[in-house]
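Examination of the molecular architecture
These are the residues of each chain, in order.
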Amino acid sequence: MGSRERAKERRERRMQEISLLRTIPYSDHQRWWSSETIAVVTGANRGIGFEISRQLATHGLTVILTSRDSNVGLEAARVLQEGGLNVVFHQLDVLDHLSRKQFSDWLQQNYGGLDILVNNAGVNFNLGSDNSVEYAQKVITTNYFGTKNMIEAMIPMMKPSTAGARIVSVSSRLGRLNGRRNRIEDVSLREELGNLDSLTEELIDRTVSNFLQQVEDSTWTSGGWPQTFTDYSVSKLAINAYTRLMAKVLSDRPDGQKIYINCYCPGWVKTAMTGYAGNISVEEGADTGVWLALLPDQAVTGKFFAERREINF
């Protein structure tokens, strides 16, 4: 059996384990949430975001499904509402300061804040073997800065609780610092980004800015950037680094005001973003994100997961 077949077999076995886990209900002592628990999911009108909303609502939470487009967002929420789920829609463009402000004000006025933030909104313009950086600015701005904007906007609104508030960001293995086949070639930059003592927001921002400058100068191909879906990979690398940084920043919060932040790779999921060419169902792709959001009695933070297992950044 070749390495590819063995990897496929391991993945299928793990998916069977996850399917079994999903059928086991949380016991009462594990269930820290209620219908009063508010979960906000960005970019949730379709795909993984929609499925995360559905699964969280199925567990009995109140889900705020957000979408940049009000029409498709309202329709997505209606579908879930018709299934008896407690899902509310609100328009949100993660890149628009006014939209974030209006959403924050509405959320505070109607729910007093939130308990869970799932950063799912993102874009990718490469499919198959394509590796164009034509939309690199939009990819970096949406995936990284959009996620960072939401985290910064929502942290002050996280409700105090003994279980701790949760932030989960949808990321990708393509953004791994030390992945064998798709990593930054600059060893010193990798070391800087991988060292929590030297990691800063300025370093992360400067890294993505340098990449975008090289795209503009048409020098990016010799810049040592990831070779697969380059702009998308750089955006997810930045999310991963920012997750580790924010976990450190938030670690000093007192008991009762803890915020745990993690990211995860859903895999190559059959969604519009992959041209429906993925090999993983949307239900499986959403699973780890929901699991992280609902982890009981565990102060897990600053970690990267896939298939409910921690993986290296």
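To keep things clear, this report deals only with the structure shown in the data block. Every chain begins its residue count from 1, and numbering advances along the sequence as written. For a predicted model such as this one, the threshold for reporting local features is a pLDDT of at least 70, and the threshold for listing and counting side-chain atom pairs is 80 or more; totals across whole chains, interfaces and linings nevertheless cover every residue. Calculated side-chain values reflect all of the structure's heavy atoms, with hydrogen atoms and water omitted.

Section: the overall build of the protein chain
This is how it is decided: Secondary structure is summarised from DSSP: a helix means a run of H or I of at least four residues, a strand means a run of E of at least two, and numbering begins at the N terminus for each. Relative accessibility decides the category of a residue: with a 1.4 Å probe and only protein chains considered, values under 20% of the type maximum give buried, values over 50% give exposed, and everything between is partly exposed. Working rule for contacts: check all heavy atoms of both residues, and any pair within 4.5 Å makes them a contact. Note on areas: Shrake-Rupley, 1.4 Å probe, and residue coverage restricted to the protein chains presented here.
Check the secondary structure of the protein chain and you find nine helices and eight strands. Residues counted as buried form 50% of the 313 residues belonging to the protein chain. Considering only intrachain contacts with a sequence separation of at least 6, the fraction spanning at least 24 residues in the protein chain is 71%. On the protein chain, roughly 15000 Å² of surface is accessible, and the fraction owed to carbon and sulfur atoms is 47%.

Quick word on the pairing of strand E1 (residues 38-41)
Put simply, the rule reads: Being paired, for any two strands, means DSSP has found at least two bridges between them. For the handedness criterion, the strands are oriented away from the viewer, and a crossover whose path from the first strand over the helix to the second runs clockwise is classed as right-handed.
On E1, burial covers both faces: Ile 38 and Val 40 on one face and Ala 39 and Val 41 on the other are all buried. Alignment of E1 against strand E2 (residues 62-67), held across four bridges, turns out to be parallel. By the bridge assignment, Ile 38 is partnered in E2 with Thr 62. Between the parallel pair E1 and E2, the chain is carried across by helix H2 (residues 47-58), and the sense of this crossover is right-handed. Note that E1 and strand E4 (residues 116-119) share three bridges and pair parallel. By the bridge assignment for E4, Val 40 is matched with Leu 117.

Looking at the sheet that holds strand E7 (residues 304-306)
What counts here: Here an axis means a line fitted to C-alpha atoms, over the contact stretch when the element is a helix, while the angle between two N-to-C directions is reported on a 0 to 180 degree scale.
Strand order in the open sheet made by the eight strands is E3-E2-E1-E4-E5-E6-E7-E8, with mixed pairing throughout. With partners counted over all chains shown, the strands left at the sheet margins are strand E3 (87-91) and strand E8 (309-311), one partner each. Sheet twist, expressed as the average angle between the axes of neighbouring strands with direction ignored, equals 25°. Judged from the three bridges that link them, E7 and E8 form a sheet pairing that is antiparallel. Note that in E8 the partner of Ala 306 across the bridge is Arg 309. Docked against the sheet, helix H8 (residues 230-250) engages strand E5 (165-170), strand E6 (259-264) and E7, running at close to 160° with respect to E6.

Description of the environment of Ala 286
By the element assignment, Ala 286 lies in helix H9 (residues 282-294). Here Ala 286 falls in the buried class, since its relative accessible area comes to 0%. For the pair formed by Ala 286 and Arg 54, sequence separation is 232 residues and the distance between their alpha carbons is 9.6 Å. Those residues in contact with Ala 286 that lie beyond four places of it in its chain are Ile 48, Glu 51, Ile 52, Gln 55 and Tyr 264.

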